[in-house]
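Overview (structure and organization)
Residue-level listing of the chains:
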Amino acid sequence: MRSEQTRIYLSLVALQMVTMVLMLIITAFAFSDSRQRQTIQGQSTLALTAIELGARSELTTEEILHALSGRDYRLETAHEDAVTQEMAAQALEGRVVYDEAAGFTVFALGEELCVVRQAHTGWAARALVLYLLLTGAAYLLIALLLGRLAARWLGRPVTAVGEAAGRLARGDFSVRVPMPKHTSEQMRRLTRDFNAMAESLSSVEYLQRDFTSSVSHEIKTPVAAIHACAQLMKLPGLSEEERQEYASAILRESRRLSRLSDSLLRLTRLENQSTPPHRTRYRIGEQLREICASLLPAMEEKRIALETDVPDALAVADEDLMAQVFYNLLDNAVKFTPEGGSIRVRMQRTPQQLAVTVSDTGCGMDEQTVCHIFEKFYQADSSHATQGVGLGLALVRRIVQLHGGRIQVDSEPGRGSVFEIVLPQEP
């Protein structure tokens, strides 16, 4: 950040130096032109004064010239070769003529030609050089001071963002940069984007901690059960029935761990890709009917009535991923529908989209549960916690998102739930 401030500082000083040089050049020309006008006016005034004295007094030419000569101007008779014939003729006619090349004024006292010239020809140039040096030094000092102040003022927002980025890199995701005042729109946009990035990283860190905590909890529970059952099986005097019970518990919890591992790997893989890997055209109606048939034994065990309205239709999607979506939704419907309830599966196909609705007459969900139902490891009903790992609906939502679709839930406690999936389709 200091190097950035240094670049800003040097750029401002360079700009001010260029401006200073241009102003000094303009000033030098203006000073020279003004000095020349003053010189012409002064010489002309002295020449007219000398002519008037020669006409009204009895003073000689030498006396007049001596009397009017001073520190700034010197009056003297003209050398024959210093004045051109044209200038001499004009002076003898009583006119005052300025010779720009020679820098003096020619006039006549009687029949004698005289000139008025500067007493010290080099003082004006020295004065101009001194003026330019003093002015340049003042400009340089001002440029350095203003450049330093401007660099600090302009570089302050950049420095703030740089320091915040350093804290962010060290793991401080709570850092935020105050919105700078009196600065450019680009700087304000940079600050907003940085704060948005820090907010996103903070959310990601929170989700990561929450995810790690949830995974640890989900793994800890079956591992503890397996460990306890294994310890009990080592006790002497166990009956065969008890031994089989503990072995069944170990088998059940190990299967739960296996499902958790598979679901985590599958969800991680899906979250790291942006498009479905194998989008094909297939018979989605047939797929839905087959999944319903695979769950019929579980429905018959709970005496759940199944109603389907699934016409034959083709869909463009990943067949394996969509099978997992429909299986998870139907399996949840069976799980949360009480005995004697009903489940309805409906599909509608248009040239632009495909809609699949799975509804049940289960326990339903309140508004808070609906808001969190697609989060990882979220299980609102603890009585069914051992039947799943809380990742099924998170997988469903991610697969639907990969297909560019949407999923929505309509549910009320005691009135069941309705899950609707809408996928865009090619004509």
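Within each chain, residues carry numbers counting from 1 in the order of the written sequence. Residue-level local features of this predicted model are given only where pLDDT is at least 70; pairs of side-chain atoms are given and counted only at 80 or more, and the full residue set underlies all totals for whole chains, interfaces and linings. Side-chain metrics rest on all non-hydrogen atoms present in the structure, leaving aside hydrogens and water.

So, a negative patch on the surface
Patch membership is restricted to residues that have no salt bridge and whose relative accessible area is over 30%. Joining uses 9 Å for like charges and 5 Å for the nonpolar side chains Val, Leu, Ile, Met, Phe, Trp and Tyr. Every accessible area reported is derived by Shrake-Rupley at a probe size of 1.4 Å, with residue values counting cover from the shown protein chains alone. Here, a salt bridge means any side-chain nitrogen of Lys or Arg that lies within 4 Å of a carboxyl oxygen of Asp or Glu. Asp and Glu count as negative and Lys and Arg as positive, but His and the ends of the chain are not part of the count. Positions of charges follow a simple convention, taking NZ of Lys, CZ of Arg, CG of Asp or CD of Glu. Residues Glu 286, Glu 290, Glu 319 and Asp 320 make up a contiguous surface patch of negative charge. If you list the elements that add at least two residues to the negative patch, you get α7 (284-294) and α9 (319-336). Positionally, Glu 319 belongs in helix α9. Only protein chains enter the accessibility calculation, which uses a 1.4 Å probe; a residue is then buried when its area is under 20% of its type maximum, exposed when over 50%, and partly exposed in between. A relative accessible area of 38% places Glu 319 in the partly exposed class. Put simply, DSSP marks the helices as runs of H or I at least four residues long and the strands as runs of E at least two long, and each gets a number from the N terminus on.

Examining α7
Among the residues of α7, those classed as buried are Ile 284, Gly 285, Gln 287, Leu 288, Ile 291 and Cys 292. In an axial view of α7, the angular spread of the buried residues amounts to 160 degrees, which keeps them on one side of the axis. Here the arc refers to the directions that run from the helix axis out to each C-beta atom.

Digging into the packing of α7 against α9
Here the axes come from fitting lines to C-alpha atoms, over the contacting stretch only for helices, and the angles between their N-to-C directions go from 0 to 180 degrees. Their axes nearest at 10 Å, the elements α7 and α9 cross at an angle of 40 degrees. The angle between the axes of α7 and α9 places the two elements in the oblique class. At the point where α7 passes α9, the crossing takes the right-handed sense. Residues Ile 284, Gln 287, Leu 288, Ile 291, Cys 292 and Ser 294 of α7 form the contact with α9, whose own contacting residues are Glu 319, Met 322, Ala 323, Phe 326, Tyr 327 and Leu 330. Should an angle fall under 35 degrees it is called roughly parallel, over 145 degrees roughly antiparallel, and 65 to 115 degrees roughly perpendicular, with every other angle called oblique. Take the far helix as the reference: if the near one is turned anticlockwise from it by less than a right angle, the crossing is left-handed, and if turned clockwise, right-handed. Every residue pair with non-hydrogen atoms within 4.5 Å of one another is taken to be in contact.

What to know about the confidence of the model for the protein
Detailed reading of predicted coordinates is not advised where the pLDDT is low. Summary of the metric used: pLDDT quantifies the predictor's per-residue confidence within the range 0 to 100. Here the protein averages 77 in pLDDT, while 73% of its residues score no lower than 70. Scored below 50 in pLDDT, residues 382-388 makes 11 contacts in the model with residues more than four places away or belonging to other chains.

Structural notes on the pattern of salt bridges
Two side chains that carry opposite charge are able to pair once their charged atoms sit near each other. Tallying each qualifying case throughout the model produces seven salt bridges. Here Arg 56 ties to Glu 52 by a salt bridge, and the two come within 3.2 Å at their closest N and O atoms. One end of the pair is Arg 56 and the other is Glu 52, both in helix α1 (residues 2-56) and four residues apart, which spans about a single turn. Ionic pairing is found between Glu 307 and Arg 344, a salt bridge with its closest N-O pair at 3.7 Å. Taken as a pair, Glu 307 in strand β6 (residues 305-309) and Arg 344 in strand β8 (residues 342-349) lie far apart in primary sequence, 37 residues in all. The partly exposed category is assigned to Glu 307, whose relative accessible area is 47%. Assessed through its relative accessible area of 35%, Arg 344 is described here as partly exposed. Within the structure, one salt-bridge network assembled from shared partners comprises Arg 74, Glu 76 and Arg 117.

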